[in-house]
Amino acid sequence: MAILSVSKLTKTFGGLTAVSDINIEIERGELVGLIGPNGAGKTTVFNLLTGIYPPTSGHIILNHDGNQKQLGGLRPDMISKAGLARTFQNIRLFRELSVLDNVRIAMHQNISYGLLSAFLHLPSYVREEKRVLDESLKLLDIFDLTSKQDEMANNLPYGEQRRLEIIRALATNPELLLLDEPAAGMNPAETAQLTSTIAQIREQFGLTILLIEHDMSVVMTICERIYVMDYGKLIAHGTPNEIKSNPRVIEAYLGEDVNNA
Amino acid sequence: MDTATKAVGTNFFNRPTVRKLLILIAIYIVVQVLIWTDILSAYLQVTLITICINIILAVGLNLITGFTGQFSLGHAGFMSIGAYTCALITMRMPTIWGFLIGIVAAIILAGIVGLIVGLPTLRLRGDYLAIATLGFAEIIRIIFVNLDITNGAAGLSGIPQFVNWPWMFFFTAGTVMLVSNFLKSTHGRACVSIREDEIAAETMGVATTKYKVTAFIIGSCFAGMAGALYASYFYVIKPEFFGFMKSIDILIIVVFGGLGSLSGSVLAAVVLAIISTLLQSFADLRMVLYALLLIVIMIFRPQGLMGSKEVSVAMLKKVGKSLSFKKKERG
């Protein structure tokens, strides 16, 4: 059974249809790409999946431990608890907070002590905070950011901010990870490193990943299947090789009838 | 953040807590000795109580505005609810138990009104929220002007006095400790994440509305408590004490100390009281000079005295080092 099945997903803003009739199926453990020219509606799909916008119509169903959960219309924090995490195209870290606090905030939903314990620092607070600190440091360690734990997120170099966004998403303990242009603004060496990191975290955390990316070297190397969007619609879907030779995809990217241009 | 605050000890009485308690006891003893030896005159003792009430108010408002990022202009409204609640109860039950029941009732009632006000208004952002909270505070004030039980615009007088320096210290230190503890918890971090980036916060699983309302209620509860202490110290309360200007006064302390710094709020409450006392001799020009001083300070330190930093042992060491370094340079 697919971990995520999206059917007939549509979003209109007033008279403008940003996304129409999208169908996506992702199997557990898959790494799927979502590509398309600028303004095709890819990020809108992510915003619909994570509850930032409510869908106008259509269904989003997350299968988690045999339970089916309808995500359409839920609040973002509920969707996060259901097991879906994301990064943002324009980095959205908690800029004035430390690297460590950025990670700890993402663990919020898995911390059980109540307000009383927070006010009085009761034993349950001490125990849980110690666990959170240990787990956060472990995550930072995997991404070589342990030495920067006290640094303000805003002061990290660009590549590390991107990495911290991925760590923060992982800290919510997701089943399905959505990455919105993780390689944007990176040089080829950084991109190559990122590609291997994505493959590595997928193995290590048993994740399913859906990724938006413009850098074809990333998409074609690591994605098993690719969905292509243009003008808010899905225009193609298949393996990287099928997509490369699909005439509709070439048309969307390079324009109609290249030879006559 | 220094390593001492981050390392959470495994035993209940971890060291930072013990150290904080020792500092608090030291402050208490020093002030108590100053009172006994009459160095703090009766007049200055009134200032001292005012400082403590302002600290409680500012710390509560800082939690709402500085840490959670929700701009509220109605803090005095919650203070008035606490003041009237405690006054009405202690006037009918003029015992220490009446006072304690009054304080608890003041906190609970202010919290309930905080919930009622917060739920609809906290969906608004920025300026709109500020105007909505301002409106609610005015409504509360008008209600007190028109009710019979609160004796209208003349207010209540002859409220039994129970608050003295030990009580005041207990409640002020308690407020600062509780809020400081709260901010170091996952619930406090959730509040701060809303200020930093609301969309990122909710995407990371923080129920943003719940935490905005929680911070608002906690701030309101402490404002209610401050009001109760005010009523029980100053005998007299009138609706006009809790108008728009009182809310602004509290906001000034918070902004002046630094949005998002508890020690900043404490420091600002003390510094502003000192400035205000020193200006007493200028009579007519007092408010003009006070305003001018505020403008000058905000021009040179727009982020407030402390910015969003807290006073820590590491920071004091740093300051100490740079001072001794300057001395050496001169010598």
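The model shown is predicted, which means the values in this text are computed figures rather than measured ones.

So, on to the packing of helix α4 (residues 75–92) of chain B against helix α11 (residues 244–257) of chain B. Residue and element names in this part refer to chain B. Close contact between α4 and α11 brings their axes to 7 Å; oriented N to C, the two are set at 110°. As far as their axial angle goes, α11 and α4 are roughly perpendicular. Note that α4 runs across α11; the crossing there is right-handed. Contacts between α4 and α11 involve His75, Ala76 and Met79 from the first element and Lys246, Ser247 and Ile250 from the second. Residue classes in the contact of α4 with α11 are distributed as 3 nonpolar, 2 polar and 1 charged.

Okay, the environment of B:Gly111 next. Residues and elements named next belong to chain B. Take glycine 111: it is sitting in helix α5 (residues 96–121). Each C-alpha atom, one on glycine 111 and one on isoleucine 217, is 5.1 Å from the other, the two residues being 106 residues apart in sequence. Those residues in contact with glycine 111 that lie beyond four places of it in its chain are Ile217, Ser220, Cys221 and Gly224.

Another aspect to go through is the nonpolar core. Ranked by internal contacts, the top residues of the largest apolar core, which has 156 residues, are B:Ile56, B:Ala58, B:Met225 and B:Ala226. Residue-level mapping places this core at the junction of two domains, with at least three residues from each of domain 1 (4–83 + 174–260) and domain 2 (98–171) of chain A.

Residue and element names in this part refer to chain A. Spatial strand order, β6-β7-β8-β3-β9-β10: 6 strands in an open sheet with mixed pairing. Looking at strand neighbours, the two that pair on one side only are β6 (84–86) and β10 (233–238), the edges of this open sheet. Ignoring which end each strand starts from, the neighbouring axes of this sheet average 20° apart. Contacting β3 (31–35), β6, β7 (176–180), β8 (208–212) and β9 (225–230), helix α1 (residues 42–49) crosses the sheet at an angle of about 145° to β7.

Residues and elements named next belong to chain B. Per-chain confidence: chain B averages 89 in pLDDT, with 93% of residues scoring 70 or above. Mean pLDDT across the secondary structure elements of chain B bottoms out at helix α1 (residues 3–6), with 42, and peaks at helix α8 (residues 186–196), with 97. In the predicted structure, residues 1–10 sits below a pLDDT of 50 and forms 18 contacts with residues beyond four places in sequence or in another chain. Per the prediction output, this complex has pTM 0.90; the corresponding ipTM is 0.91.

Moving on, we get to the interface of chain B and chain A. Facing the 26 residues of chain B at the interface are 36 residues of chain A. The dominant element in the side of chain B that touches chain A, judged by the number of residues it contributes, is α8(B), at 8 residues. Among the residues forming the side of chain B that touches chain A, the class breakdown is 12 nonpolar, 10 polar and 4 charged.

Moving on, we come to the packing of helix α3 (residues 99–106) of chain A against helix α5 (residues 123–142) of chain A. Helix packing geometry: the angle between the two helix axes and the distance between the axes. All names here are of chain A. At a closest axis distance of 10 Å, the pairing of α3 and α5 adopts a crossing angle of 115°. Regarding α3 and α5, the two cross each other, and that crossing is right-handed. Between α3 and α5, the contacting residues are Val99, Leu100, Val103 and Arg104 on the first element and Val132, Ser136, Leu139 and Leu140 on the second. Its residues assigned to classes, the contact of α3 with α5 shows 6 nonpolar, 1 polar and 1 charged.

Our focus in this paragraph is helix α3 (residues 42–67) of chain B. All names here are of chain B. For α3, spanning 26 residues, the distance from its first C-alpha to its last is 36 Å, which sits close to the expected 38 Å at 1.5 Å a residue. Its maximal kink placed at leucine 61, α3 deviates by approximately 35°. A positive backbone phi angle near 75° is found at glycine 69, which sits one or two residues after α3.

Analysis parameters
- Residues numbered from 1 in each chain as written.
- Chains lettered and ligands numbered in written order.
- Predicted model: local features only at pLDDT ≥ 70, side-chain atom pairs only at ≥ 80, totals over all residues.
- Axes fitted to C-alpha atoms, helices over the stretch in contact; angles between N-to-C directions.
- Helix = DSSP H or I, 4+ residues; strand = E, 2+ residues; numbered from the N terminus.
- Parallel < 35°, antiparallel > 145°, perpendicular 65-115°, else oblique.
- Left-handed = near helix turned anticlockwise from the far one by under 90°.
- Contact = placed C-beta atoms within 7 Å.
- Nonpolar A, V, L, I, M, F, W, Y, C, P; charged D, E, K, R; others polar.
- Core = buried A, V, L, I, M, F, W, Y, C linked by C-beta atoms within 7 Å.
- Buried ≥ 20, exposed ≤ 12 C-beta atoms within 10 Å, placed from the backbone.
- Domains from an automatic or database assignment.
- Pairing = 2+ DSSP bridges.
- pLDDT = per-residue confidence, 0-100.
- Expected span 1.5 Å × (residues − 1).
- Bend = angle between axes of the 7 residues up to and from the residue.

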